[in-house]
Amino acid sequence: MTIQAHQEAVTVEALINGQNVKSLSQSAKENPANPSEVVGYFPVTTKEQAVEAIEAAANAFKTWKKTSIEERVTRMRKAIEKIRAAENEIVHLLSREHGKPLYDAHGEIYVSLMWMEFTCNEAASALQEEIQEHEKGKTILSYDPIGVVAAISPWNYPIALSTIKIAPALLAGNTIVLKPSPYAPLAAAKVAEIIASEFPAGVINVVHGDAEVGVELTTNPHVTKIAFTGGTETAKHIIKAASDTIKDMTLELGGNDAAIFLESFDVNDERAMRRIVVSNFLTTGQICMIAKRVYVHRSIYDQFVEKYIEAANRWIRIGDPFDPNTTVGPVNNLKQKDYVLSLVEDAKQRGAKVIPLGQILDQKVFDQGYYLQPTLVLGCDAHDRIVVEEQFGPTVPILPFDDEEQVIGLHNESIYGLTSSVWGKEEDAILVARQLEAGTTMINTAAVQGLDVRFPFGGFKQSGIGREYGTEGIRTYTEQHVINIPKMLDLPYIPE
């Protein structure tokens with residue numbers, strides 16, 4: 001049964017210096033659950049408009065950087081309340097443009113507001129200047145705003161991964177130009193507009209558009225920091241583009257996160273099996289920190305696979321995102337769907353066994369959208385594409401291992417190192433976790449279920465540069481400024 005009713009398309013515009021700015025052309029955003037439905041329209045911002053947005057932010061920074069932390073927090077708290085009041089409207093728009101089931105879209109708002117509230121609570125202490133008096137004099141350490149931040153957010157968590165940049169950047173005294181992904185531009189733009197309504201003109205600007213807008217954001221000399229979440233290959237272009245002006249950067253990139261199940265793991269723990277299934281297929285597997293490859297000790301491998309399939313078949317229900325029974329929606333876009341299919345097909349060609357998981361609630365709905373039935377891949381080699389590449393979709397390989405040294409090696413040979421998880425007796429799991437090259441390692445849970453915004457998040461190696469969340473996620477939008485007042489003003493060995 002089709003649940004979604006056709007709704008009127010929404011239109012968003014660029015937001016420059018507090019004003020909505022129309023563009024000569026627009027792009028349509030389709031509903032991935034029903035691609036014939038246009039959810040809304042977003043502008044093709046020109047390079048010239050991107051320059052205007054950056055200049056507006058640069059001019060606003062001159063005044064905004066002088067405001068008190070109390071004023072910044074007060075404005076942000078008002079924005080939080082406005083987002084909370086509009087939550088249902090935002091959730092429905094996000095679900096339609098992205099394909100997230102409603103519970104998942106609500107979860108994204110939950111994480112976004114949790115982080116925004118954390119920054120409001122912690123900004124004053126995180127940004128408090130430090131004064132030290134010592135035998136050599138006095139030193140003042142302050143955390144000064146950087147300037148104009150170019151924030152480029154992805155399509156998988158468009159609101160959460162926009163607010164993760166907006167909230168700390170503004171509270172630290174910066175101004176911002178946000179560019180949402182064209183694969184999920186609508187809800188993120190709406191949320192940014194809500195926040196902007198509580199701040200002076202030019203403090204928050206929103207642009208859309210194609211590559212030339214992205215190039216302007218990463219090369220314009222008025223931009224002093226780039227905050228990007230997205231693919232590692234795109235990040236390489238950003239780093240090169242920004243090199244002439246040597247911009248500060250926070251890059252949260254791809255991951256090929258491993259879940260390691262030790263011999264001490266209890267395969268009969270149904271809640272734990274549910275957690276790993278959710279960690280594989282939440283948001284249809286389209287999360288940077290999802291568990292994308294699973295390693296299981298050979299002594300429990302057969303039982304694990306059996307229990308995993310049972311748990312997956314209980315939890316996975318593929319259907320219309322507006323159907324309350326749905327746990328897994330469509331893939332966000334056709335390009336990503338085709339990529340995931342290519343990985344699964346490659347695994348088949350190499351002799352792997354591919355097992356479909358879960359229940360399709362309505363075949364007609366399934367056939368009309370960008371749906372993929374989640375799959376489990378068994379019998380693949382540790383170096384097959386489906387294991388070493390980031391699938392970013394509803395498929396997962398499970399591989400056996402013989403000892404901890406072997407699995408630690410398999411984990412660490414990846415070019416990525418975003419998150420990981422180790423499952424088993426806590427003391428055993430911690431010993432293994434300490435040897436993994438990853439920004440975050442979770443014990444007996446994984447992915448969003450183990451996320452804590454109070455602590456820093458980011459990756460090793462090609463999974464990124466810098467950290468978000470936690471106090472570090474606020475201070476990353478500042479420059480440390482040291483003011484020294486020495487007692488001895490001259491060097492002791494300088495002659496008169």
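This structure is a prediction, so every number in the text was calculated from the model and none was measured.

Next up on the list: the UniProt feature "domain: Aldehyde dehydrogenase" (unreviewed entry) in the chain. Following the UniProt record, one finds the feature "domain: Aldehyde dehydrogenase" (unreviewed entry) at residues 27-481. Across residues 27-481, helical content stands at 42% and strand content at 22%; the span's end C-alpha atoms are separated by 44 Å.

Together, D266, D269, E270, D302, E306 and E310 make up a negatively charged patch on the protein surface. A total of three residues in the negative patch trace back to one element, the largest contributor, which is helix α10 (residues 301-315). Summarising the element assignment, E310 is placed in helix α10.

For the rest of this paragraph, the subject is the packing of helix α1 (residues 47-64) against helix α7 (residues 211-219). Running from N to C, α1 and α7 point in directions that differ by 30°, and their axes come no closer than 9 Å. For the element pair α1 / α7, the angle class is roughly parallel. Here α1 runs over α7; the crossing is right-handed. For the pair α1 and α7, the contacting residues are K47, A50, V51 and I54 in the first and E212, V213, E216 and L217 in the second. For the contact of α1 with α7, the residue count by class is five nonpolar, no polar and three charged.

Okay, the side chain of S23 next. Relative to the helices and strands, S23 is located in the loop between β3 (19-21) and β4 (26-31). For S23, a relative accessible area of 14% corresponds to the buried category. Here Q49 takes part through its side chain, which lies 3.2 Å from a polar atom of the side chain of S23. Among residues more than four places away in sequence, those in contact with S23 are E13, P43, V44, T45 and Q49.

Here helix α3 (residues 87-98) crosses helix α4 (residues 102-126) at 120°, and the two axes come no closer than 9 Å. In terms of orientation, α3 lies oblique with respect to α4. Considering only the axes of α3 and α4, their crossing is right-handed. Counted together, E87, N88, I90, V91, H92, L94 and S95 of α3 and L102, A105, H106, E108 and I109 of α4 form the full contact between these two elements. Here the residues of the contact of α3 with α4 sort into six nonpolar, four polar and two charged.

The next subject is the UniProt feature "coiled-coil region" (unreviewed entry) in the chain. UniProt feature "coiled-coil region" (unreviewed entry): in the numbering of this structure it lies at residues 69-96. The span residues 69-96 carries 96% helix and 0% strand; its end-to-end C-alpha distance comes to 37 Å.

What counts and what doesn't
- Residues numbered from 1 in each chain as written.
- Predicted model: local features only at pLDDT ≥ 70, side-chain atom pairs only at ≥ 80, totals over all residues.
- Heavy atoms only, no water.
- UniProt positions renumbered as here; feature names shortened; annotations may be inferred.
- Helix = DSSP H or I, 4+ residues; strand = E, 2+ residues; numbered from the N terminus.
- Patch = residues over 30% accessible without salt bridge, like charges linked within 9 Å, V, L, I, M, F, W, Y side chains within 5 Å.
- Areas by Shrake-Rupley, 256 points an atom, 1.4 Å probe, with all protein chains shown as cover.
- Salt bridge = Lys/Arg side-chain N within 4 Å of Asp/Glu carboxyl O.
- Lys, Arg positive; Asp, Glu negative; His and termini not counted.
- Charge placed at Lys NZ, Arg CZ, Asp CG, Glu CD.
- Axes fitted to C-alpha atoms, helices over the stretch in contact; angles between N-to-C directions.
- Parallel < 35°, antiparallel > 145°, perpendicular 65-115°, else oblique.
- Left-handed = near helix turned anticlockwise from the far one by under 90°.
- Contact = heavy atoms within 4.5 Å.
- Nonpolar A, V, L, I, M, F, W, Y, C, P; charged D, E, K, R; others polar.
- Buried < 20%, exposed > 50% of the residue type's maximum accessible area, 1.4 Å probe, protein only.
- Polar contact = N/O pair within 3.5 Å; in protein donor to acceptor, adjacent residues only side chain to side chain.

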